[in-house]
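Observations on the three-dimensional arrangement
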Amino acid sequence: MTATAGARKTRAAVSDRTKAENSLGRKLVAPAVIIMLIVTAFPMIRALWLSVYDYTLTAPDDKKFVGLGNYATALSDSLFWRDTGVTVLIMVVTVGVELVVGFVFAMVMHRLVFARGVVRTSILIPYGIITVISGFAWQFAFSQTNGFVSGWLHMSPTFNWFGHTWSALLAIMVSEIWKTTPFMSLLLLAGLAQVSEDMVEAAKVDGATWWQRLYKVILPNMRAAIMVAVLFRALDAYRIFDNIFVMTNGAQNTESVSFLTYRQVIEQFSLGMGSALSVLLFLSVMLVAYILVKAFRVDLAQARQEV
Amino acid sequence: MTRARRGRAVAAVGAAVLAGTTLAACGSSDGRATLNVYINPDAQATMAKLADQCSTDKYKLEIQLLPSSASDQRTQLARRLAARDSSTDLMSIDPVFVAEFASAGWLATLPEEYASKAVDDDVLKGPAESAQWDGKVVAFPQWANTQVTWYRKSLAEKAGLTYDDATQTLMKDGSPATWDDIIKAAADNGGTVGVQANKYEGYVVWINALVMGAGGDIVSDTEAGTDAKVDIDSDAGKAAAQVVQTLADSKAAQPDLSVSNEGTSLGQMYPSGGAGEFMVNWTFVYKNYEGLIGQPGGPANKAAFQDLGWARYPATVSGEESKPPIGGIDIGVGAYSKHKDYAMAAAQCLTNTDAEVAMATEAGLMPARTSAYNSPELKKAFPASLLELFQNSVDTGGLRPQSAYYSKISSAIQSRWHPPSSVSESSTPGNSASFLKDVLEGKALL
């Protein structure tokens, strides 16, 4: 997107200066591009290559080419679809809740008159905490033996949150929401700041109520920011791993697609199947991105205010 | 100094520091080679002492700790070895992972001079087999673990089970007691039966012992890799499923059966009320209760501790001798080590009779060598009948399948046999066999 925007500009007025600037720009980014290719493109190509083999690390002699066999196995296996279902559920619920809560936080941060720094900082603290740590913290909070959540909710103190699929998923989602809502509100705050105060003022003068101003003026004008926030969080949420690893280790059917992939590669040493699953995970993430971009009908370049 | 020059100076210092640390990793300051020994945290103090004793003026052994869980130990070693780490010289490996590691080419094969000693006649059969793969000796057995039936003598007496001194077995009406006899004995007399049936390796230990005790196995011809023969759908598999099913349906089952592990049933031996239990568990149990005399969860006094009995692992079916589970640790030499000759000598030293006696008396880890069982130190630490039972169990026990795909086999069994309450004699062996075949052929995900 950036490239097309840049190209359009160059075509509009190709002065010597622009040409020189572009060439310098290319030279400056070249090292970064090369390093990126080494660290990202190589593993990706290698994963593609491995995914067409039946290859287990502990039996290198049995390595054989199976074509799309691993993909066929994965896509026809109920375990893959169950884990995909769990992942999509976690993504939809957490992003949905984060969008609402994050927007409220963004409004608070935006409208705050006093103690701005303190409030902004305290809202952002959870995002600064490592996911594994937040997973442990919430695991203790929900723990049967020393957790406080059951007590606060006046539930039976012997209720094992991690002993049932739904309650375990709830605990995982709470930790994910707590940890990443600040990120969402930060992106939304940037969007709120873009909405021109004049428009809001004008709507006010025209007699629009608070809700009307929100729905007719503020939200439509920050569509691009919402889109970026939802997109980033959705892609992140789809790859959820840490919280599950820490809190349930995949027990009680709380496994996500990333976790399934991890188990194939790290526990079973099945590099072939694991790579096929990684490729499928990559494709699913692309699909989610595509759907979101289409759904919001936003040009990403516009979101970055480049047009 | 210009900025560029200062940068260069910093780089030079950095390089010097790096070079210094790399050198330190290869050889110690006194010119000896350093060999890293990756051990699990079971017997750190003893291992540290042995490492000192086994160091010579040519090389020095340095202990490196692995994580505490067996699967994490395996993962960490595998990641190092898959990356051809030359600093992994020696390592402790669980016997079930020996085949995986050896098949991947991560373990150095023992040269004849070492191989003949590592698995000589002095080494008990179970551990000796565990150290071999594809006709080659690839590890040194260091210590051996096994399971026996731990029980309250008073409970067995009340239930009419007698202890036969000659065979060290519990007898029911003149023949060795089966799992069914023991479950019934516990259920009818207010006792329970302790096993390991959480969804983890310990459950496979139990299932494998049950299947082998009925004269069968889970898989055979394991050296064929993915073409191994899956045998669990057999009479032996059905007999094993029947035992699990019987226990799960019995009132002798402990309430936490589906999440039980080696620790959960310990407290049921001396409960505040009730008759106690029959429990299959590893060798650490004796020292555990001995250390708990007069403390919560342990025997109230010496007399109560005397009530603790031990006997051979229960038979799965009448007329077939049981096959007690075998565990323990083998010492392997990394295939990419820079000092394989030193490492071999060190491994031999870490697994000789003296080392095994030290492991047993100091850390309670039972020897893999007959000569160690005969040592006076060990005889002082454990009752003679218990030592004899351990030794016999290790010698005549049944190993879990030795396969390059062991972790898949184990996970596949766990996934179809857990929870124990879902096990049925008619469907579980068949289901698990077809699932295991699919998994090995790459047609199903685990």
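Residues numbered from 1 in each chain as written. Chains lettered and ligands numbered in written order. Predicted model: local features only at pLDDT ≥ 70, side-chain atom pairs only at ≥ 80, totals over all residues.

This part is about unusual backbone geometry. All names here are of chain B. Residue Pro419 follows His418 across a cis peptide bond; omega there is -5°. By the secondary structure assignment, Pro419 is in the loop between helix H18 (406-417) and helix H19 (428-440). Non-glycine residue Arg84 carries a positive phi angle of around 55°. Its place among the elements puts Arg84 in the loop between helix H3 (70-82) and strand E3 (90-93). With 12 C-beta atoms counted inside 10 Å, the residue Arg84 sits in the exposed group. Within the chain, Asp173 stands out as a residue other than glycine whose phi angle is a positive 50°. Take Asp173: it is sitting in the loop between strand E9 (169-172) and strand E10 (175-176). (Helix = DSSP H or I, 4+ residues; strand = E, 2+ residues; numbered from the N terminus. Buried ≥ 20, exposed ≤ 12 C-beta atoms within 10 Å, placed from the backbone.)

With that settled, the discussion passes to the sheet that holds E9(B). All names here are of chain B. If you trace the 3 strands from one edge of the open sheet to the other, you get E8-E9-E10, paired in antiparallel fashion. The strands lining the two open edges of the sheet, one partner per strand, are strand E8 (162-164) and E10. Judged from the 3 bridges that link them, E8 and E9 form a sheet pairing that is antiparallel. The residue bridging Asp164 from the neighbouring strand is Thr169, located in E9. (Pairing = 2+ DSSP bridges.)

A separate point is H19(B). Residue and element names in this part refer to chain B. In this model, H19 (13 residues) spans 18 Å end to end at C-alpha, consistent with the 18 Å of a helix rising 1.5 Å per residue. Thr428, Pro429, Ser432, Ala433, Leu436, Val439 and Leu440 are the residues of H19 that are buried. Projected down its long axis, H19 shows its buried positions confined to an angular sector of 130°, all on one face. (Expected span 1.5 Å × (residues − 1). Arc of directions from axis to C-beta.)

Turning our eyes to something else, we now look at the confidence of the model for chain B. All names here are of chain B. Chain-level pLDDT for chain B is 90 on average; 93% of the residues reach the 70-or-more range. Scored below 50 in pLDDT, residues 1-26 makes 3 contacts in the model with residues more than four places away or belonging to other chains. We note a pTM of 0.82 for the whole complex and an ipTM of 0.76 for its interfaces. (pLDDT = per-residue confidence, 0-100. Contact = placed C-beta atoms within 7 Å.)

This part takes up the sheet that holds strand E15 (residues 308-311) of chain B. All names here are of chain B. On the basis of which strands lie adjacent, the open sheet formed by 4 strands has the order E11-E14-E7-E15 and mixed pairing. In this open sheet, the two strands that pair with only one neighbour each are strand E11 (192-194) and E15. Adjacent strand axes in the sheet meet at a mean angle of 20° when their direction is disregarded. (Axes fitted to C-alpha atoms, helices over the stretch in contact; angles between N-to-C directions.)

Chain B puts 19 residues into the contact, and the matching count from chain A is 20 residues. Contributions of two or more residues to the side of chain B that touches chain A are made by H3, helix H4 (95-103) and H18 of chain B. When residues of the side of chain B that touches chain A are assigned to their parent elements, the largest contribution, 4 residues, is made by H3(B). When grouped by side-chain class, the residues that make up the side of chain B that touches chain A number 8 nonpolar, 8 polar and 3 charged. (Nonpolar A, V, L, I, M, F, W, Y, C, P; charged D, E, K, R; others polar.)

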